[in-house]
Amino acid sequence: MASIPAFLNGEYLPLDECRVSVLDRGFIYGDGVYELLPVYKNNAFYLTQHLERLQRSMGEIKVDSPYDNSEWQALINNLIQQSEHDDLAIYIQITRGVAPRDHVFPSATQATVFAMANPLPIIPSEYLENGVELITSNDIRWQRCDIKAISLLANILAKQEAAEASAVEAIMIRDDYALEGSASNLFLVRDEVVYTHPKDNLILPGITRDFVLELLEELGIECKQQRIPKEWLYSADELWITSSSKEVLAATKIDQKIVADGKPGEVWRKTYNLYQQRKM
Ligand code: PDD
């Protein structure tokens, strides 16, 4: 198998040769942020938006960006060139660096920068034909879900709960509202209007979410960014999840209940088709 191209602290090397200290604050505390961006036919998709979100995440946790946007861009392009695949999922992680264990920020550390270019996972055709299954899960995450933090314990527990129920995603429920998935954003169609949670501290501002909002506008479909009551999930005409790796998927079951007629809906189909045209 070909090696996965990677980057660690200024050096390009194969993934299996990357090493970091156990005192890295990413390892000790989950003290870092990340970004995951898709590459289609060797072109990074919505690169500017992903880099803006990465810079914002670093700013929010008070880590100085080691690179400016053109340097990040060069790093990403180098990984794309080194990969033998044309469709990739580029993962970038920045931590507060290596220091003796102490909760307080170290006075002088250099951020650890790691990136790798994995082949973009293929979306199973069955997901597109039949839709996917969801569960709901009590949202026990912190109150800054807008930061793309590497500390993902609550998300992982929710995703595992979904996997154990043979579902693809867990929808996070807080105060009886459905916010987003454990690793995706949520859209709901009700009486020909599409709903998604507004950008606030309780969700990750998904780049795919923004892209889908643009597609809906182009399609002339009404969309409201407002809170979604949990009970709407069970009477929805359509439910979708969006993310960089899942694109836009229709859900046809939630908590073992069938969504509408149990097939991916028409609004999803139009959106999905336009997505495929526009993503290249
Ligand atoms: N997850 N919400 C959460 C909690 C996420 O982790 C993600 C992405 C999204 C969708 O964001 P975007 O459209 O920018 O991918 C929403 C990535 C894919 C991951 O952690 O692997």
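Because the structure is predicted, anything quoted here is derived from the model rather than measured.

Caption draft 1: Seen up close, the overall build of the protein chain. Summing up its helical and strand segments, the protein chain has seven helices and 16 strands in all. Computed over the C-alpha atoms, the radius of gyration of the protein chain is 19 Å, within 12% of the 19 Å expected from 2.2 N^0.38 for a compact globule of 280 residues. The burial tally for the protein chain puts 52% of its 280 residues in the buried class. Here the analysis covers contacts within the protein chain between residues at least 6 apart in sequence; of these, 70% occur between residues at least 24 apart. Accessible area of the protein chain: about 13,700 Å², with a carbon and sulfur share of 49%.

Caption draft 2: Representation of the environment of N155 within the structure. Within the fold, N155 resides in helix 5 (residues 153-164). Along the chain, N155 and I207 lie 52 residues apart, while their C-alpha atoms are 18 Å from each other. Those residues in contact with N155 that sit more than four places away from it in its chain are R141 and S182.

Caption draft 3: View of the site of the ligand. Lining the immediate environment of the ligand, one finds 19 residues, of which Y34, R53, E180, T208 and S244 sit closest. At 2.6 Å from a nitrogen atom of the ligand is found a side-chain nitrogen or oxygen belonging to E180. A distance of 2.5 Å is found between an oxygen atom of the ligand and a side-chain nitrogen or oxygen belonging to T208. For the shell around the ligand, the elements supplying multiple residues, two or more each, are strand 3 (32-40), strand 9 (177-181), helix 6 (207-218) and strand 14 (238-243). Both domain 1 (5-119) and domain 2 (125-278) contribute no fewer than three residues apiece to the shell around the ligand.

Caption draft 4: A look at the domain arrangement of the protein chain. When its domains are assigned, the protein chain resolves into domain 1 (5-119) and domain 2 (125-278). Here the C-alpha centre of domain 2 lies 26 Å away from the C-alpha centre of domain 1. Facing 22 residues of domain 1, the contacting portion of domain 2 comprises 17 residues. In total, domain 1 and domain 2 occlude about 1,700 Å² of area from one another, counting both sides; carbon and sulfur atoms represent 60% of this. The closest approach of N and O atoms between R56 and D146, which form a salt bridge, is 2.8 Å. Put simply, domain 1 and domain 2 have nine residue pairs in polar contact (both at pLDDT 80 or more) between them.

Caption draft 5: Molecular detail of the packing of helix 6 against helix 7 (residues 266-278). Packing of helix 6 against helix 7 brings their axes to within 10 Å, and their N-to-C directions diverge by 110 degrees. Accordingly, the angle class assigned to the pair helix 6 and helix 7 is roughly perpendicular. On the side of helix 6, the interface is formed by T208, F211, V212, L215, L216 and E218, while helix 7 contributes T271, L274, Y275 and R278. Its residues assigned to classes, the contact of helix 6 with helix 7 comprises six nonpolar, two polar and two charged.

Caption draft 6: Just the nonpolar core, in detail. In terms of nonpolar packing, the biggest core is built from 45 residues, with L134, I171, L188, V194, L233, L239 and W240 touching the most fellow members. Listing elements by their share of this core, those giving two or more residues are strand 7 (132-138), strand 8 (169-174), strand 10 (185-190), strand 11 (193-196), helix 6, strand 14, strand 15 (247-254) and helix 7. Per-element tally for this core: the top contributor is helix 6, with six residues. Domain assignment of the residues forming this core places at least three in each of domain 1 (5-119) and domain 2 (125-278). Apart from the residues lying within four places of it in its own chain, the contact partners of L233 are T136, I173, A178, L186, L188, L239 and I254. Formed by 25 residues, the second largest nonpolar core is a distinct cluster that contains L37, V63, I94 and I147.

Rules behind the numbers
- Residues numbered from 1 in each chain as written.
- Predicted model: local features only at pLDDT ≥ 70, side-chain atom pairs only at ≥ 80, totals over all residues.
- Heavy atoms only, no water.
- Helix = DSSP H or I, 4+ residues; strand = E, 2+ residues; numbered from the N terminus.
- Rg over C-alpha atoms; globule rule 2.2 N^0.38 Å.
- Buried < 20%, exposed > 50% of the residue type's maximum accessible area, 1.4 Å probe, protein only.
- Contact = heavy atoms within 4.5 Å.
- Areas by Shrake-Rupley, 256 points an atom, 1.4 Å probe, with all protein chains shown as cover.
- Near = heavy atom within 4 Å.
- Polar contact = N/O pair within 3.5 Å; in protein donor to acceptor, adjacent residues only side chain to side chain.
- Domains from an automatic or database assignment.
- Buried area = accessible area lost by both parts, 1.4 Å probe.
- Salt bridge = Lys/Arg side-chain N within 4 Å of Asp/Glu carboxyl O.
- Axes fitted to C-alpha atoms, helices over the stretch in contact; angles between N-to-C directions.
- Parallel < 35°, antiparallel > 145°, perpendicular 65-115°, else oblique.
- Nonpolar A, V, L, I, M, F, W, Y, C, P; charged D, E, K, R; others polar.
- Core = buried A, V, L, I, M, F, W, Y, C linked by side-chain atoms within 4.5 Å.

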